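Fold and geometry: a report
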Amino acid sequence: MKTVVIGANGQLGTDCILAFQKARHEVIGLTHQDLEIAEENAVNEILRNLAPGLVINTAAMHNVEACEKSPLQAFAVNAVGARNLARLSNDLGYVLIHISSNYVFDGNKNAPYLETDAARPLSVYGNSKLAGEYFVETIARRYFVVRVSGIYGSNPCRAKGGNNFVKLMLKLAKERGEVKVVDDEFVSPTYTPAIAHQLLKLSQTDAYGLIHATSNGSCSWHEFAATIFRLTNTKVNLLRAAPGEFPMKVPRPKYSVLENARLKQLGIDLMPDWKDSLGQYLTVLSS
């Protein structure tokens, strides 16, 4: 199948290309320089020429603070861009996989969120991603909206200066010998190759709709950091940040753990435990 990956040089996009190529797809990667998804004419021209059977949209404006400062741009990319891809999917007949975020929730449930739970975003970023979901769900006939959480991978994250949380923790430990991390925010850290593998499995089904695809299990950011240091035998003084010690410029959900309920119902939940994924990534990082 001819598969187009949008956001091809991002953390998830890079691993999607590798996973789908390994599965013998004809994969075409498009970066932001190749395609601006907020521009409908460009989307129409490029994708009509490529005539894909599957489009995976990993592109997003996901710097939360930048979204808050530039809401029009955030909605242009995260919402209108999704609309453009959804509309064309019906014309060209391709299946659309659109990546969304755990930040569509407010974190007040304090239990893993199901696909059926009501979304209540706290930020421009969360609202723009939710708007993108709605566009895809109400326009496209064959689609997967896939929410992910706390992603990290081998490819540098441009929005975070090339670092992900794992790399940042190891860098700070080496430079300072002491690190403070919050222990009142909970996520499911998720390794991007695992997501890519799950997307491949999804693409082989017609179980269209909304899907949660994160690592199984959850932890606080402090526990995540402690596990990173333990698995790498890093000597560091890891401290718990006091409540409010790192004031947030933009509201974020304190608890944004997702439950892969639909994947489990379908019997195709391939997502590993977060600790297993972390071990795999650290092996890659040290090689």
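In this report, the structure presented in the accompanying data block is examined. Everything quoted here is computed from the prediction, not taken from an experiment.

Okay, the packing of helix α2 (residues 40-50) against helix α4 (residues 71-92) next. Contact pair α2 / α4: the axes reach a minimum separation of 10 Å and the direction vectors enclose 35 degrees. Where α2 crosses over α4, the two elements pack in a sense that is right-handed. Only Arg83, Asn84, Leu85, Arg87, Leu88, Asp91 and Leu92 of α4 make contact with α2, whose side of the interface consists of Glu40, Val43, Asn44, Leu47 and Arg48. Across the contact of α2 with α4, the residue classes tally to 5 nonpolar, 2 polar and 5 charged.

Counted by the stated rule, this structure contains 12 aromatic pairs. Between Phe105 and Tyr113, the aromatic rings sit 4.0 Å apart at their centres with planes inclined by 15 degrees, giving stacked as the arrangement. By the burial criterion, Phe105 is buried, and Tyr113 matches it. Ring centres 6.2 Å apart and planes at 40 degrees place the aromatic pair Phe186 and Tyr255 in the tilted group. Here Phe186 is found in strand β8 (residues 186-187), whereas its partner Tyr255 is found in the loop between β12 (237-240) and α9 (261-266), with 69 residues between them in sequence. An aromatic cluster is present here, built from Tyr152, Phe165, Tyr191, Trp221, Phe224, Trp274 and Tyr281 joined pairwise through their rings.

Each value, and the rule that gives it
Residues numbered from 1 in each chain as written. Predicted model: local features only at pLDDT ≥ 70, side-chain atom pairs only at ≥ 80, totals over all residues. Heavy atoms only, no water. Axes fitted to C-alpha atoms, helices over the stretch in contact; angles between N-to-C directions. Helix = DSSP H or I, 4+ residues; strand = E, 2+ residues; numbered from the N terminus. Left-handed = near helix turned anticlockwise from the far one by under 90°. Contact = heavy atoms within 4.5 Å. Nonpolar A, V, L, I, M, F, W, Y, C, P; charged D, E, K, R; others polar. Phe/Tyr/Trp six-rings, centres within 6.5 Å; stacked < 30°, edge-to-face > 60°. Buried < 20%, exposed > 50% of the residue type's maximum accessible area, 1.4 Å probe, protein only.

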